[in-house]
Amino acid sequence: MLFLVRMDVNIPHDLPAEQAEAIKAREKAYAQQLQREGHWRHLWRVAGEYANYSVFDAASNDELHGLLSQLPLFPFMKIQVTPLAQHPSAIA
Ligand SMILES: O=C(O)C[C@H]1C=CC(=O)O1
């Protein structure tokens, strides 16, 4: 099952910079692991915003929730999920 996911990141200004950088480094490693595993199919920056649009592949809503809730930045993100279905006019 494919899901369009938008993530808006909002790291509190009072979080020490060193801590923020450590969380971002763990986030990058986990994001790249999920991409290698085929769960995180697309990752695009929203131009001009600390946000991304992503496409995830997960077997169920519960699996997707598990993947997203383990993101190190999860406590600092607003996440919107849109389940995707086949479009009858799509050729691929
Ligand atoms: O930068 C972001 O959009 C947030 C998050 C998503 C992947 C990653 O490495 O960080």
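From a predicted model like this one, the values you see are computed outputs, not experimental measurements. (Residues numbered from 1 in each chain as written. Predicted model: local features only at pLDDT ≥ 70, side-chain atom pairs only at ≥ 80, totals over all residues. Heavy atoms only, no water.)

## Observations concerning the sheet that holds strand β1 (residues 2-9)
Hydrogen bonds between backbone atoms are what pair the strands of a sheet, whose relative direction is either parallel or antiparallel. Spatially, β2-β3-β1-β4 is the arrangement adopted by the four strands of the open sheet, whose pairing is antiparallel. At either end of the open sheet lies a strand with only one pairing partner, and these are β2 (40-45) and β4 (77-84). When the angles between neighbouring strand axes are averaged without regard to direction, this sheet yields 15°. Where helix α1 (residues 17-37) meets the sheet, its contacts fall on β2, β3 (51-57) and β4, and the angle it forms with β2 comes to roughly 135°. Contacting β1, β3 and β4, helix α2 (residues 61-69) crosses the sheet at an angle of about 30° to β1. (Pairing = 2+ DSSP bridges. Helix = DSSP H or I, 4+ residues; strand = E, 2+ residues; numbered from the N terminus. Axes fitted to C-alpha atoms, helices over the stretch in contact; angles between N-to-C directions. Contact = heavy atoms within 4.5 Å.)

## Some words on α2
When we look at burial in α2, the residues that qualify are Leu 64, Leu 67 and Leu 68. Viewed end-on, α2 has its buried residues packed into an arc of 95°, placing them on one side of the element. Counted as exposed and oriented over 90 degrees from the buried face of α2: Asp 62 and His 65. (Buried < 20%, exposed > 50% of the residue type's maximum accessible area, 1.4 Å probe, protein only. Arc of directions from axis to C-beta.)

Keep in mind these values describe shape, not function.
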